[in-house]
Amino acid sequence: MPEDKDWEAYKVPPTRTPVSERITSVPNPITFFQTVFNYVVDTPVTFVREWIERQQAKNKSYYYHQKFRRVPDLSECLEDDYLCFFEAEAQWRRDRLVDTEIVEIVRERLGACKQREGPNEFQNCAKERELLAQVTKAYQDRYGDLGVHGNARTCLMKQKHRMMEERKAQAEAS
Amino acid sequence: PVRHSSDHGKRMFIIKATSFYDTRFLNLLRFYVFLTGIPVALFITYVNIFIGEAELAEIPEGYVPEYWEYYKHPISRWIARYLLDAPEKDYEKEMALLYVEAKKKELRLLELDARRLMRHRGDGPWYHYETPDKNLVDNSMKSTPDN
């Protein structure tokens, strides 16, 4: 899953623990455990990992995220133009995957916010909550009840029905 | 049945159900699984350590990546490069199939239309039936009216 590039959303506010003065002359036992861990576990593991990375650096290769060209939509296809239908369908499926990932990322941000704030989440996470509500509502409106056999055509029909309902509501309101 | 005494108890002949078939099955299973499993595991470990996965990078300006450069693991890249067709080629193959089927559908509809119209209007090359020659018809019984 592609990672969220926006690190600003996950920033933890700076801690406010006070600096304490040493009162006793007994050395901190944690430093002993830290040095033991360092020698027994940390150094061998980093040594092996760096050796592996040196071997891998000899055959370096890169991979990219594929960028697809935009093709005419299903609503711009002529009747009986099956090739146009096929391309529009493929584009719609890619767009649905992208939208699913967007919803997942927004949900992850809310989870990160909850983790950060702890007991203050009900007050401080309002923006993330609202963003998630909006995004899920939009997703539900567009791709919601299409079912497992939903394709670009059924989605277009759903949009048409939505627009008809909107127009009816407007006509009734005025 | 056990005689609980340390070192020198009575020697017992313990009667239990045979485990010969079970152990034979498990040994054979282990043998055949590891026969190809261990070389495959070693190969995959070698690939992961010495060749390593690809790193994610932005597509450089003016560069069009090959279709196998969209995968991370080196074995997936190798399979995409040497064993599979490019996804663009697959896409075009599917579209060619759809095009042929669409043309077939159009031609079939046209044929049905032509058949219907020619049968109805009778002015086309189809729906001509062999009728007997008019010179063979014997008009003698119709030539006198009061017969």
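Under an unreviewed UniProt entry, the name given to chain B is NADH dehydrogenase [ubiquinone] 1 beta subcomplex subunit 5, mitochondrial, and the organism recorded is Pterocles gutturalis. In the Function (unreviewed entry) part of its UniProt record, chain B is described as follows: "Accessory subunit of the mitochondrial membrane respiratory chain NADH dehydrogenase (Complex I), that is believed not to be involved in catalysis. Complex I functions in the transfer of electrons from NADH to the respiratory chain. The immediate electron acceptor for the enzyme is believed to be ubiquinone." According to its UniProt record, chain B has this under Subcellular location (unreviewed entry): "Mitochondrion inner membrane".

As annotated in an unreviewed UniProt entry, chain A is NADH dehydrogenase [ubiquinone] 1 beta subcomplex subunit 10 from Pterocles gutturalis. Quoted straight from UniProt, the Sequence similarities (unreviewed entry) entry for chain A says "Belongs to the complex I NDUFB10 subunit family." Of chain A, the UniProt comment under Function (unreviewed entry) reads exactly: "Accessory subunit that is involved in the functional assembly of the mitochondrial respiratory chain complex I. Complex I has an NADH dehydrogenase activity with ubiquinone as an immediate electron acceptor and mediates the transfer of electrons from NADH to the respiratory chain."

A. Summary view of the overall build of chain A. Within chain A, the regular secondary structure consists of five helices and one strand. Each helix (α) and strand (β) of chain A, taken in turn from the N terminus, gives the series α-β-α-α-α-α. The C-alpha atoms of chain A give 27 Å as radius of gyration, which overshoots the globular expectation for 174 residues (16 Å, by more than 25%). If you line up chain A on its principal axes, its C-alpha atoms span 85 × 50 × 25 Å.

B. Summary view of the interface of chain B and chain A. Listed by partner, the interface residues are 27 residues for chain B and 19 residues for chain A. At the boundary of chain B with chain A, total buried surface from both sides reaches about 2400 Å², with 61% on carbon and sulfur atoms. On inspection of chain B and its partner chain A, the count reaches two salt bridges. Among the salt bridges present, the one from lysine 105 of chain B reaches aspartate 80 of chain A, with a minimum N-O distance of 3.1 Å. At the junction of chain B and chain A, the tally comes to nine residue pairs in polar contact (both at pLDDT 80 or more). Every element with two or more residues in the side of chain B that touches chain A is listed here: helix H1 (20–51), strand S1 (55–56) and helix H3 (87–121) of chain B. Of the residues forming the side of chain B that touches chain A, the biggest block, eight residues, is contributed by H3 of chain B.

C. Inspection of the layout of surface pockets at higher detail. All names here are of chain A. Each pocket or cavity is described by its volume, and for the largest pocket that value is around 1500 Å³. Surrounding the largest pocket, 37 residues form its lining, His65, Gln66, Lys67, Phe68 and Arg94 being those nearest its centre. The element contributing the most residues to the lining of the largest pocket is helix H2 (residues 82–117), with 10 residues. Across the lining of the largest pocket, the residue classes tally to 22 nonpolar, two polar and 13 charged.

D. How the structure looks around the environment of methionine 118 of chain B. Residue and element names in this part refer to chain B. Relative to the helices and strands, methionine 118 is located in helix H3. Under the relative-accessibility criterion, methionine 118 is labelled buried at 16%. Discounting residues that sit within four places of it in the chain, methionine 118 has contacts with Asp123, Gly124, Pro125, Trp126 and Tyr127.

Rules used in this analysis
- Residues numbered from 1 in each chain as written.
- Chains lettered and ligands numbered in written order.
- Predicted model: local features only at pLDDT ≥ 70, side-chain atom pairs only at ≥ 80, totals over all residues.
- Heavy atoms only, no water.
- UniProt positions renumbered as here; feature names shortened; annotations may be inferred.
- Helix = DSSP H or I, 4+ residues; strand = E, 2+ residues; numbered from the N terminus.
- Rg over C-alpha atoms; globule rule 2.2 N^0.38 Å.
- Contact = heavy atoms within 4.5 Å.
- Buried area = accessible area lost by both parts, 1.4 Å probe.
- Salt bridge = Lys/Arg side-chain N within 4 Å of Asp/Glu carboxyl O.
- Polar contact = N/O pair within 3.5 Å; in protein donor to acceptor, adjacent residues only side chain to side chain.
- 1 Å grid on protein atoms, 1.4 Å probe; cavity = no way out; pocket = protein on both sides within 12 Å on 5 of 7 lines; lining within 4 Å.
- Points joined across faces, edges and corners; volume = space filled by probe spheres on them.
- Nonpolar A, V, L, I, M, F, W, Y, C, P; charged D, E, K, R; others polar.
- Buried < 20%, exposed > 50% of the residue type's maximum accessible area, 1.4 Å probe, protein only.

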